[in-house]
Amino acid sequence: MKIYKISSFHALKLLCSSQNAIQKVVRVTVIFMVLLAASGGFSASAAPLASWNDGITKTAIITFVKSTTSKKSPDFIPKGERIAVFDNDGTLWAEQPLYFQLFYAMDRIKQMAPQHPEWKTKEPYASLLKGDTKGALAQGEKAILSIVASSHAGVTNEQFAASVSQWLATARHPKTGLAFNQMVYQPMLELLEYLRSKDFKTYIVSGGGIDFMRVFSEQTYGIPPEQVIGSSLKSEYVVKDGTPMIVKLPEMNFIDDKAGKPVGIYQHIGRRPVFAAGNSDGDFQMLEWTTTGEGARFGLLLHHTDAEREWAYDKDSHIGKLERGLAEAKQRGWVLIDMKKDWKVIYPSH
């Protein structure tokens, strides 16, 4: 197993220690760019990761990709084995102050309330219908699972997809006023595209609902539904009035979080990834499993450090808690994205 670490800065330091350092750096850089352009490996108009600031993080990613896709490199990875997995909430799009799917679920509960008069006196629905979100979520994961199960079940897969599409088209984030699917990270969109341009196959592996993410994953991220892995409710096949359909049931099938992520990857993909990106301790096992395989490996953690343009949070957050990953990233060879320092922009311009 080899976790890829960049050493180009060490080489640059040695070069710059000589008397004619600047001239040598310029000559080497020009020669390097000319050779790349001649081989078709570089295009000034299509430089990768344009929204990333130059630095160790960006350089590490590009160096890993170049090394693993060059047949002359000892780190070469065949195309069929170039599997890259990404968490969604907090990694590809924002997740504060609540997971976006939970916003959808709560809106659905309010819409469905007239058909469920019992919810007026039953928690967590009673508090939610009174506008007391904090009270509704006081029971933590139990409350969230109840809200999600009740709001997602009892409909066909087509009806659910139509409902999510309508919500994405009309709902707005309470802080930014943006549509939720506008709050995707431009630098991560570029990373997905860069990897695919080098024949990596990109997957979403998220604790979010698989059916929820599949509605927008292809249009938003360029990731087709069959390359989305997530948590799921049980479903059943029924024939109603002569029409076959898949109906969602109010019962959990699989939770794709923490240790569930490597299991989900194995069951859906059948290959250990070589590149994994996340942002929280819920992604720890996914990065651990990815980076302990044989050959060149890459683990990437997004650290939310930008309170002005987004949010700044880690170990004390109720959403996207990052504590163990932050403490162990260096010793495990994982690369940390410092959002404030590494990204020129956060969201795409619209």
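Because the structure is a prediction, the values reported are computed rather than measured.

Quick notes on the rules
Residues numbered from 1 in each chain as written. Predicted model: local features only at pLDDT ≥ 70, side-chain atom pairs only at ≥ 80, totals over all residues. Heavy atoms only, no water. Helix = DSSP H or I, 4+ residues; strand = E, 2+ residues; numbered from the N terminus. Buried < 20%, exposed > 50% of the residue type's maximum accessible area, 1.4 Å probe, protein only. Contact = heavy atoms within 4.5 Å. Areas by Shrake-Rupley, 256 points an atom, 1.4 Å probe, with all protein chains shown as cover. Polar contact = N/O pair within 3.5 Å; in protein donor to acceptor, adjacent residues only side chain to side chain. Axes fitted to C-alpha atoms, helices over the stretch in contact; angles between N-to-C directions. Parallel < 35°, antiparallel > 145°, perpendicular 65-115°, else oblique. Nonpolar A, V, L, I, M, F, W, Y, C, P; charged D, E, K, R; others polar. Core = buried A, V, L, I, M, F, W, Y, C linked by side-chain atoms within 4.5 Å. Left-handed = near helix turned anticlockwise from the far one by under 90°. Phe/Tyr/Trp six-rings, centres within 6.5 Å; stacked < 30°, edge-to-face > 60°. Lys NZ or Arg CZ within 6 Å of the ring centre and 35° of its normal.

(A) Summary view of the overall build of the chain. Check the secondary structure of the chain and you find 14 helices and nine strands. Counting all 350 residues of the chain, 48% fall into the buried class. Within the chain, residue pairs in contact and separated by at least 24 positions form 66% of the contacts whose partners lie at least 6 positions apart. About 17,600 Å² of surface is accessible on the chain, with carbon and sulfur atoms providing 54% of the total.

(B) Region of interest: the environment of S127. Note on placement: S127 falls in helix α5 (residues 125-129). On the accessibility criterion, S127 (10% relative accessible area) is buried. On a C-alpha basis, the gap between S127 and A138 in space is 9.8 Å, while along the polypeptide they are eleven residues apart.

(C) Local environment of the side chain of T290. Mapped onto the secondary structure, T290 falls in helix α12 (residues 284-291). Look at T290 and you get buried, because its relative accessible area is 0%. Engagement of the side chain of T290 in a polar contact is seen with the backbone oxygen of M286, the distance being 2.8 Å. If sequence neighbours within four positions are ignored, T290 has contacts with V85, R272, P273, V274, F275, A276, R297 and F298.

(D) Spotlight on the environment of V148. Looking at the element boundaries, V148 is found in helix α7 (residues 141-152). Judged by relative accessible area, which is 17%, V148 ranks as buried. In this structure the C-alpha to C-alpha distance between V148 and I109, which are 39 residues apart in sequence, comes to 8.9 Å.

(E) Focus on the packing of helix α11 (residues 260-268) against α12. In contact at an axis separation of 7 Å, α11 and α12 are set at 55 degrees when each is read in the N-to-C sense. Taken together, α11 and α12 sit at an angle that is classed as oblique. Mapping the contact onto sequence places K261, P262, I265 and Y266 in α11 and Q285, M286 and W289 in α12. The residue makeup of the contact of α11 with α12, split by class, is five nonpolar, one polar and one charged.

(F) Spatial organisation of the side chain of S163. By secondary structure assignment, the location of S163 is in helix α8 (residues 157-170). In this structure S163 touches Y104 and R108, once residues within four positions along its chain are discounted.

(G) Looking closely at the nonpolar core. With 69 residues, the main nonpolar core has F86, M188, L191 and F275 as its most contacted residues. In terms of residue count, helix α4 (residues 100-112) provides more of this core than any other element does, eight residues in total. Ranked by size, the runner-up nonpolar core spans 15 residues in total, among them I269, F284, L301 and L322.

(H) Examining the packing of α4 against α7 more closely. Relative orientation of the contacting elements α4 and α7 amounts to 60 degrees, with a least axis distance of 9 Å. Classified by the interaxial angle, the pair formed by α4 and α7 is oblique. Between α4 and α7 the crossing geometry is left-handed. Where α4 approaches α7, its residues Q101, L102, Y104, A105, M106, R108, I109 and M112 are matched on the opposing element by I144, I147, V148, S150, S151 and H152.

(I) Focus on the packing of aromatic side chains. In total, this model carries 21 aromatic pairs according to the counting rule given. Judged by centre distance (5.8 Å) and plane angle (75 degrees), the ring pair of W52 and W343 falls under edge-to-face. In this pair, W52 sits in the loop between α2 (21-38) and α3 (56-69) while W343 sits in the segment after α14 (339-342), placing the two residues 291 residues apart along the sequence. Each ring, one from F64 and one from F275, has its centre 6.1 Å from the other, and the planes form 50 degrees; the classification is tilted. Here F64, found in helix α3, pairs with F275, found in strand β6 (residues 275-278); they are 211 residues apart in sequence, far enough to count as distant. With a relative accessible area of 0%, F275 lands in the buried category. A connected cluster of aromatic rings, assembled from ring pairs, spans W93, F100, F103, Y104, F160, W167, F180, F212, F216 and Y221. Over the face of the ring belonging to F160 we find K248, whose NZ or CZ atom lies 4.7 Å from the ring centre.

No statement about biological role is implied by the geometric values presented.
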